[in-house]
Amino acid sequence: MKLGLGLYRHMLTQEYYDFARQAGCTDVVVHLTDYFREGATNARNNQPTGGKYDAWGVAGDPDALWTFAEMKALRRELEDSGLRLAAIENLDPAYWHDVLLDGPLRTVQIEKVKTIVRRMGEAEIPVLGYNFSLAGVCGRVTGRSGRGGAVTLGMDGPADEVPIPNGMVWNMIYDQNALPGTMPTVSHAQLWDRLERFLAEIVPVAEQAGVQLAAHPDDPPMPTMRQQPRLVYQPEMYQRLLDAVPSRNNALEMCVGTLAEMTGGDVYDAVDTYSRQGKVSYIHLRNVTGKVPQYQETFIDEGDVDMVKILDILAKNGFDGVVIPDHTPQMSCSAPWHAGMAHTLGFIAAVLACQRRDTTG
Ligand SMILES: [Mn+2]
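Residues numbered from 1 in each chain as written. Predicted model: local features only at pLDDT ≥ 70, side-chain atom pairs only at ≥ 80, totals over all residues.

**With respect to the sheet that holds strand β14 (residues 280-285)**
Inference 1: Within the closed barrel, the 8 strands sit side by side as β1-β2-β4-β5-β10-β13-β14-β17. Their pairing is parallel. Here the average twist between neighbouring strands, direction ignored, is 30°.
Inference 2: When β14 meets strand β17 (residues 322-325), the two strands line up parallel, connected through 4 bridges. In the strand pairing of β17, tyrosine 282 is matched with valine 322. (Pairing = 2+ DSSP bridges. Helix = DSSP H or I, 4+ residues; strand = E, 2+ residues; numbered from the N terminus. Axes fitted to C-alpha atoms, helices over the stretch in contact; angles between N-to-C directions.)

As structure tokens, then:
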């Protein structure tokens, strides 16, 4: 297993690369989408939060597709700092909103996704993380409710009162001039159909390009959010996604915190089931207390999940990919993001060190 760190777009600088190396990381997962752009409610030194119903920010330029040159330059820049570029996480809603919405630009936007996958292959970036979701990561509330009064977030109940306004999807604004109104509610079957069509078209391209697609489950894992269905909100629903298009390039961005928030199944069984199949592309590690619709994100060393047990299951099943901290509570200091990440990375590094000691006897 490899220790990695996720970096948001504004963190793609030498200082953050040095921080990752100093914390013992060998790998980095990058976000090229700027979730924080023009966002009113997001501090850049935290995960993108939005409000319960406020968007993270405004999507990028639909015509400025990520180029081969910038991907390759980024991979080289990271390698020069002693880091591997393990994955790009998430597509900008500007590129694929009508794939999610089955809108008039779907055909054009599917081609954009294919182009990105091909460029990633050429740039030797092996994994594309994505989250096929209408409401996206939303509906959460922030407060000083973590250990020691740390600012953290979670759910305080369902988030279906306020529908998604026109021009917004995946918790970002993709059309600031959209007409008033809201997204019509669709069924679970309709949304699964959209995902299956997406996979049928993109997986063959990913196979050819040598890129693995890695799906994040719905976070928070509610059956509906903002009056729209969600796809992977119980552990077994990940299997349906895998079986839709069986391929080694159709895999999972396995988020342990999200799995733990699910009302059904068992987080240890889920990690065992999918890692035994070799379907785990990379891991988001995060602890929580409670389950939807009442849960809270916690520090890695507390919460409901035995993280040592999770990492031991992954090791037992031969998982050799990257583990990154997901989100952490904000630690009280002048660098709350860094402190939270350093604490989590230190914890994971210690567990991996124990595993290596056990293996070498
Ligand atoms: Mn996650």
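**Regarding helix α2 (residues 68-80)**
Inference 1: Between its terminal C-alpha atoms α2 stretches 18 Å, which fits the 18 Å expected from 13 residues at 1.5 Å a residue.
Inference 2: Glycine 82 sits one or two residues past α2 and shows a positive phi near 85°. (Expected span 1.5 Å × (residues − 1).)

**Some details on the sheet that holds strand β16 (residues 294-298)**
Pairing between sheet strands relies on hydrogen bonds along the backbone, with the strands arranged either parallel or antiparallel.
Inference 1: Strand order in the open sheet made by the 4 strands is β6-β7-β16-β15, with antiparallel pairing throughout. The sheet is open, and its two edges are formed by β6 (141-143) and β15 (287-291), each paired on a single side. For this sheet, the mean inter-axis angle between neighbouring strands, taken without regard to orientation, is 20°.

**As for the nonpolar core**
Inference 1: Val28, Val117, Met120, Met172 and Val256 are the most contacted members of the largest nonpolar core, which has 106 residues in total.
Inference 2: No other element matches the 8 residues that helix α5 (residues 188-209) contributes to this core.
Inference 3: With residues near it in sequence (within four places) discarded, valine 28 still touches Gly4, Leu5, Leu7, Ala20, Leu78, Leu83, Leu85 and Ala86. (Core = buried A, V, L, I, M, F, W, Y, C linked by C-beta atoms within 7 Å. Buried ≥ 20, exposed ≤ 12 C-beta atoms within 10 Å, placed from the backbone. Contact = placed C-beta atoms within 7 Å.)

**Structural notes on the packing of helix α4 (residues 106-122) against α5**
Inference 1: Relative orientation of the contacting elements α4 and α5 amounts to 15°, with a least axis distance of 9 Å. By the criterion of interaxial angle, the relationship of α4 to α5 is roughly parallel. Relative to α5, the crossing made by α4 is right-handed. Counting all contacts with α4, which are made through Ile110, Val113, Lys114, Val117, Arg118, Met120 and Gly121, the residues of α5 involved are Glu201, Ile202, Val205, Ala206 and Ala209.
Inference 2: Grouping the amino acids of the contact of α4 with α5 by side-chain chemistry returns 8 nonpolar, 1 polar and 3 charged. (Parallel < 35°, antiparallel > 145°, perpendicular 65-115°, else oblique. Left-handed = near helix turned anticlockwise from the far one by under 90°. Nonpolar A, V, L, I, M, F, W, Y, C, P; charged D, E, K, R; others polar.)

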